[in-house]
Number of protein chains: 2
Amino acid sequence: MTNDGFDIKPIGFVRSTIKSRADAPKQGREGAPDAWLEIEADVAEGADGIAPGDEIIVLTWLHLARRDELKVHPRGDTANALTGVFDTRSPDRPNPIGLHRVVVREVAGRRLLVGPLEAVDGTPIVDIKPALDRLADS
Amino acid sequence: MTNDGFDIKPIGFVRSTIKSRADAPKQGREGAPDAWLEIEADVAEGADGIAPGDEIIVLTWLHLARRDELKVHPRGDTANALTGVFDTRSPDRPNPIGLHRVVVREVAGRRLLVGPLEAVDGTPIVDIKPALDRLADS
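Predicted, not measured: the structure shown is a model, and the values here were computed from it.

Asks: For the sheet that holds strand E8 (residues 111–115) of chain B, give the residues involved together with the corresponding values.
Replies: Residue and element names in this part refer to chain B. The six strands lie next to each other as E2-E3-E8-E7-E4-E9, forming a closed barrel whose pairing is antiparallel. The mean angle between the axes of side-by-side strands here comes to 45°, regardless of whether they run parallel or antiparallel. With four bridges joining them, strand E3 (residues 35–39) and E8 adopt antiparallel strand pairing. Paired with Ala 35 across the two strands is Val 114, which belongs to E8.

Asks: Let's hear about the interface of chain A and chain B: which residues, and what values?
Replies: Taken together, the contact pairs 59 residues of chain A with 59 residues of chain B. Buried area between chain A and chain B, both sides added, is near 5500 Å², and the carbon and sulfur share of it is 57%. Taken together, the links from chain A to chain B amount to four salt bridges. Between Lys 71 of chain B and Asp 48 of chain A there is a salt bridge, with its nearest N and O atoms 2.8 Å apart. Taken together, the connections running from chain A to chain B amount to 24 residue pairs in polar contact (both at pLDDT 80 or more). Top element by residues in the side of chain A that touches chain B is strand E9 (residues 124–130) of chain A. It accounts for six residues. Residue composition of the side of chain A that touches chain B, by class: 26 nonpolar, twelve polar and 21 charged. Where strand E1 (residues 6–8) of chain A lies against strand E1 (residues 6–8) of chain B, three bridges are found, and the strand directions are antiparallel. The partner of Phe 6 of chain A across the bridge, within E1 of chain B, is Ile 8 of chain B.

Asks: Help me get a handle on the side chain of Lys 129 of chain B, residues and values and all.
Replies: Structurally, Lys 129 of chain B is set in strand E9 (residues 124–130). A polar contact of 2.6 Å, which involves the side chain of Lys 129 of chain B, links it to the backbone oxygen of Ile 97 of chain A. Polar side-chain contacts of Lys 129 of chain B include one of 3.0 Å to the side chain of Asp 127 of chain B. Contacts of Lys 129 of chain B, omitting those with residues within four sequence positions, involve Phe 86, Thr 88, Arg 89, Arg 93, Ile 97 and Leu 99 of chain A together with Ile 56, Ile 57 and Leu 59 of chain B.

Criteria and thresholds
- Residues numbered from 1 in each chain as written.
- Chains lettered and ligands numbered in written order.
- Predicted model: local features only at pLDDT ≥ 70, side-chain atom pairs only at ≥ 80, totals over all residues.
- Heavy atoms only, no water.
- Pairing = 2+ DSSP bridges.
- Helix = DSSP H or I, 4+ residues; strand = E, 2+ residues; numbered from the N terminus.
- Axes fitted to C-alpha atoms, helices over the stretch in contact; angles between N-to-C directions.
- Contact = heavy atoms within 4.5 Å.
- Buried area = accessible area lost by both parts, 1.4 Å probe.
- Salt bridge = Lys/Arg side-chain N within 4 Å of Asp/Glu carboxyl O.
- Polar contact = N/O pair within 3.5 Å; in protein donor to acceptor, adjacent residues only side chain to side chain.
- Nonpolar A, V, L, I, M, F, W, Y, C, P; charged D, E, K, R; others polar.

Structural data, given as structure tokens:
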């Protein structure tokens, strides 16, 4: 067993009208827009089969987050007691992986229009998975 | 924009009776046992607030997976047509992040008993998040 890390590589990037963390809703369903997932050419084949109407889970690397936070006030509201980050959906956490359940609106080559998505423009995408059924999944 | 990778560090490890990938069910609900999440001491504070009965999402690094696969036969069954890995839940994918929705059974210091969990003993844990509601989440 080791504590060594692993190298995670972007498989693509988010292209969104949201340009800063301050402009991003905290969750997709809180008024987020649709956004494009632009898949890198060398792994684009991995998206074969994804079609409009599919529900997918997008994992992102929240590159603007702080990795040294272990406790936060949920939703940035100091009225909420300090809570361990693993008990919150704060982007600030040791491995800032974002988890987004979205619907595929359109597929255009290696670009997927999905939504609603609260990620900031330029956010690296690290994985995409199909959602399983709503009751048992993720 | 860059294609450089990011360094992801385990926040803990799975302790399970499942000792090999061959013994692991493909999804937790397919007969997987409960297992312990052993959180590393330096980030254990991040789990403060997690309690028995909570539904959480555990993200793992599937260290036994192949990272060079872009197409697979879903569920390893050659009767299923080759499909892009991002349209499957195969562990084999460029960034082998596992996504597991589980219930917390017990909290013992920095160890959490959760289940059902299909991950193999020794699998690195990279993040833990609370599940949101079943309809909108993840």
